[in-house]
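Report on the structure
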Amino acid sequence: MNFSRVKTYSPVSYKLNLRYVEDISQAMPLNQKDVLLDVGCGPGTLALLLSKRVGKVKAVDNSPEMIEEAKEISKAENITYKVGDATKLSTYEEYRNSFDKVVAHCTLHWMKDFKTALEGIYQSLKPGGQCFMNMAHQNPHIINTTQLLNCYTSPKWETFMKGYEHAYYTFEGTDDDYKQMLAGIGFKDIDCKQTAIKIPLKYDEAKEFYPNSMGQLERFPEDCREEYMEEAVKYALDTDYKDNQDHFISCSLIYAIAGK
Ligand SMILES: C[S@@+](CC[C@H](N)C(=O)[O-])C[C@H]1O[C@@H](n2cnc3c(N)ncnc32)[C@H](O)[C@@H]1O
């Protein structure tokens, strides 16, 4: 997905990242000497929070606009930002065996070839290094709001949606399948778990946040976007929360800690 369209990232992301940074450091103890790679860093909110707990952070994202924004709003002396493709990490010689820790947070499901990204992450880790990762997981019992929003269409919008390949690739297997995939790449000491996420949002927050995950909006003329988006949001909410006035981000995430 091309995230270049997203300019200022939502304050909701910041609020969530405050929570995630605690989850990350509990699951994977961080050290002031660590060199950490943040894969798919977006506007750098997580990189900035993590930079206070490690020695150095290198952060990579394939959207030049995101990196430009990260350099502006999430700068710190010990962070270096780079425009780069996570599925090409293994070709970045300067990354090979270079990181004590890697974080890939809410980013792998935007890559069709997420397995190649995981191979690159493995190669970027120092022996003894650790990676914290999560990605959306296909769970038939849990509605995935982002997936619904990403794929929404109706006859009215077919002209713009025709041929659109949704850009959201959930992992379609069990925890054991995920573990096996990681072990096949070479990772060891793998711990995996699924977590259902349901985060309430105020209406204004939802309106600001949801379009971040709707790459298809780029296909719509400016003057249709609002109408299409409102319809898609209504559809997503009606599917899951018929009796509820509140708005949510809902999905199942598969989390893993893996070592090299
Ligand atoms: C939902 S944001 C997550 C940002 C950040 N990790 C966080 O947790 O706040 C997903 C990010 O992944 C980036 N991304 C998607 N595909 C990528 C790829 N192939 N290589 C690098 N970054 C990618 C997007 O540009 C976007 O900034």
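I will try to describe carefully the structure that is included in this document. Just so we're clear, the structure is a prediction, and the values are computed from it rather than from any experiment. (Residues numbered from 1 in each chain as written. Predicted model: local features only at pLDDT ≥ 70, side-chain atom pairs only at ≥ 80, totals over all residues. Heavy atoms only, no water.)

**Side note on the site of the ligand**
Here is the rule we go by: When at least one non-hydrogen atom of a residue lies within 4 Å of a molecule or strand, that residue is treated as near it. Nitrogen and oxygen atoms within 3.5 Å of one another constitute a polar contact, given that in protein one can donate a hydrogen and the other can accept it, and given that sequence-neighbouring residues count only through two side-chain atoms. Note on areas: Shrake-Rupley with a 1.4 Å probe; residue coverage comes only from the protein chains shown.
Near the ligand, the surroundings consist of 18 residues, among which G40, D61, A86, H105 and T107 are the closest. Here an oxygen atom of the ligand sits 3.3 Å away from a polar atom, N or O, in the side chain of N17. In this structure, an oxygen atom belonging to the ligand sits 2.7 Å away from a side-chain N or O atom of T107. Contact with the protein chains hides 94% of the accessible area of the ligand, taken as 600 Å² for the molecule alone.

**Things to note about the packing of aromatic side chains**
For the record, the criterion: When two rings of Phe, Tyr or Trp (its six-membered ring) have centres within 6.5 Å they constitute a pair, described as stacked for plane angles under 30 degrees, edge-to-face for angles over 60, and tilted for the intermediate range. Each helix is a run of DSSP H or I of at least 4 residues and each strand a run of E of at least 2, with the numbering of both proceeding from the N terminus. Accessible area is worked out with a 1.4 Å probe on protein chains only. A residue is then buried under 20% of its type maximum, exposed over 50%, and partly exposed in between. By definition, being over a ring means that NZ of Lys or CZ of Arg is both within 6 Å of the ring centre and within 35 degrees of the ring normal.
Applying the stated rule across the entire model yields 13 aromatic pairs. Plain terms: the ring middles of Y152 and Y228 are 5.8 Å apart, the flat faces sit at 40 degrees to each other, and that makes the pair tilted. Taken together, the residues Y152 in the loop between α5 (145–151) and α6 (158–161) and Y228 in helix α9 (residues 222–240) connect sequence positions 76 residues apart. Taken individually, Y152 and Y228 each receive the classification buried, so the pair is uniform in this respect. Ring geometry for W157 against Y228: centres 5.5 Å apart, planes inclined by 80 degrees, an arrangement best described as edge-to-face. Of this pair, W157 sits in the loop between α5 and α6 while Y228 sits in helix α9; the two residues are 71 residues apart in sequence, bridging distant segments of the chain. Judged by its relative accessible area of 3%, W157 falls in the buried class. Joined through ring pairs, the aromatic side chains of Y152, W157, F160, F220, Y228 and Y235 make up one cluster. The aromatic ring of Y92 is capped on one face by K82, whose charged end is 4.4 Å from the ring centroid.

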